[in-house]
Amino acid sequence: MRPKLVVGNWKMHGSLSGNKNLLQGLVAGVGAIGEVSASVCVPFPYLAQAQQMLAATPISWGAQNLSEHAQGAYTGEVAAAMLLEFGCRHVIVGHSERRALYGETDAVVAAKFVAAKSAGLVPILCVGETLAQRESGQTAEVVAAQMVAVLDKAGVGAFAGAVVAYEPVWAIGTGKTASPEQAQEVHAAIRALVAGRDEVIAAGLQILYGGSVKAQNAGEIFVKPDIDGGLVGGASLVVDDFLAICQAASR
Ligand code: PEP
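Reading the values: the criteria
Residues numbered from 1 in each chain as written. Predicted model: local features only at pLDDT ≥ 70, side-chain atom pairs only at ≥ 80, totals over all residues. Heavy atoms only, no water. Helix = DSSP H or I, 4+ residues; strand = E, 2+ residues; numbered from the N terminus. Expected span 1.5 Å × (residues − 1). Buried < 20%, exposed > 50% of the residue type's maximum accessible area, 1.4 Å probe, protein only. Arc of directions from axis to C-beta. Contact = heavy atoms within 4.5 Å. Near = heavy atom within 4 Å. Polar contact = N/O pair within 3.5 Å; in protein donor to acceptor, adjacent residues only side chain to side chain. Areas by Shrake-Rupley, 256 points an atom, 1.4 Å probe, with all protein chains shown as cover. Nonpolar A, V, L, I, M, F, W, Y, C, P; charged D, E, K, R; others polar. UniProt positions renumbered as here; feature names shortened; annotations may be inferred. Axes fitted to C-alpha atoms, helices over the stretch in contact; angles between N-to-C directions. Parallel < 35°, antiparallel > 145°, perpendicular 65-115°, else oblique. Left-handed = near helix turned anticlockwise from the far one by under 90°.

Engineer: So what's going on with helix α7 (residues 139-154)? Which residues, and what values?
Structural biologist: The end-to-end C-alpha distance of α7 is 23 Å, a good match for the 22 Å that 16 residues give at a rise of 1.5 Å each. For α7, every residue scored as buried is listed here: T139, V142, V143, Q146, M147, V150 and L151. Looking straight down α7, one finds its buried side chains confined to an arc of 165 degrees; they lie on one side. Seen from the buried face of α7, the exposed residues on the opposite side, beyond 90 degrees, are A140, E141, D152 and K153. Buried residues along α7 sit against α4 (96-101), α5 (106-119), β5 (122-127), α6 (131-135), β6 (163-166) and α8 (180-195). Remark: G155 follows α7 within two positions and exhibits a positive phi of approximately 85 degrees.

Engineer: Tell me about the site of the ligand, residues and numbers included.
Structural biologist: Looking at the ligand, there are 14 residues lining it, with K11, E167, G173, S212 and G233 nearest. A distance of 2.7 Å separates an oxygen atom of the ligand from a polar side-chain atom of K11. Within the backbone of G173, one N or O atom sits 2.6 Å away from an oxygen atom of the ligand. With the chains in place, 97% of the 290 Å² that the ligand exposes on its own is no longer accessible. Of the residues assigned to the shell around the ligand, the class counts are four nonpolar, eight polar and two charged.

Engineer: Describe in detail the UniProt feature "binding site: substrate" (unreviewed entry) in the protein, supporting the description with residues and values.
Structural biologist: UniProt annotation of "binding site: substrate" (unreviewed entry) refers to N9, W10, K11, G173, S212, G233 and G234 when read in the numbering used here. Look at the named residues: they lie 226 residues apart in sequence, but the longest C-alpha span between them is just 13.7 Å, so in the fold they bunch up. Structurally, N9 is set in strand β1 (residues 4-9). For N9, a relative accessible area of 4% translates into the label buried. When near neighbours in sequence (up to four residues on either side) are disregarded, N9 contacts C41, Q64, I92, H95, L231, V232, G233 and S236.

Engineer: Please provide a residue-by-residue account of the packing of α5 against α7, values included.
Structural biologist: Contact geometry for α5 and α7: axes closest at 9 Å, N-to-C directions at 50 degrees. Accordingly, the angle class assigned to the pair α5 and α7 is oblique. When you trace α5 past α7, the crossing you get is right-handed. Counting all contacts with α5, which are made through D106, V109, A110, A111, F113 and V114, the residues of α7 involved are A145, Q146, A149, V150, K153 and A154. Of the residues that constitute the contact of α5 with α7, the class distribution is nine nonpolar, one polar and two charged.

So this is what it looks like as structure tokens:
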């Protein structure tokens, strides 16, 4: 059985004092969450704080983006090696907000995935369709194209130890969640796609669901066979909610 993983995506939220309370609360409650790994992906300036407060705890941390380049004249960018210096384990790659708002193409996302994986980070590759794409029956095709772009560039071997997050764009921050059946269908298709290249890697691949996961709906989503946990935005900013979602994953 694949281990469950719940990752918080803080997005562009936080302050030193607010983070301190949040992280203290998570550390205090982590003992009760059972057999699930938890991680928080924080804004770059708070990586040092996360490292300091989480280093001696079972909670991992990471970033929400990275550069596809190793170093150089790329003003405003952050390299994989820099994230490693702050103890990051995870890095989110290709979140739909970055694809939509910052023009990240499949090619850029694939290059970022390679940069993360070859540096020793665990990339969390986000894929997912828009509402218009779902309504016009294109979900499978869109998600497959996003996956294939990375599989072709990185090779299936790079998915060993990586994480995929299925995040329907219409469910992110909207309060609308994919039904457990809708999510399971896409997760199974992602796993089958990877299995077409390597069955062992596909069987071990953690595929998270993201999109308005809450304490109330997490249990029914995480129970599905191809759903290995969640990528959680809004609810990851509230200690009790995030811990309850982790608990739901451990059942
Ligand atoms: C996300 O940002 O990845 C996300 C899933 O957000 P939310 O849980 O708020 O929908």
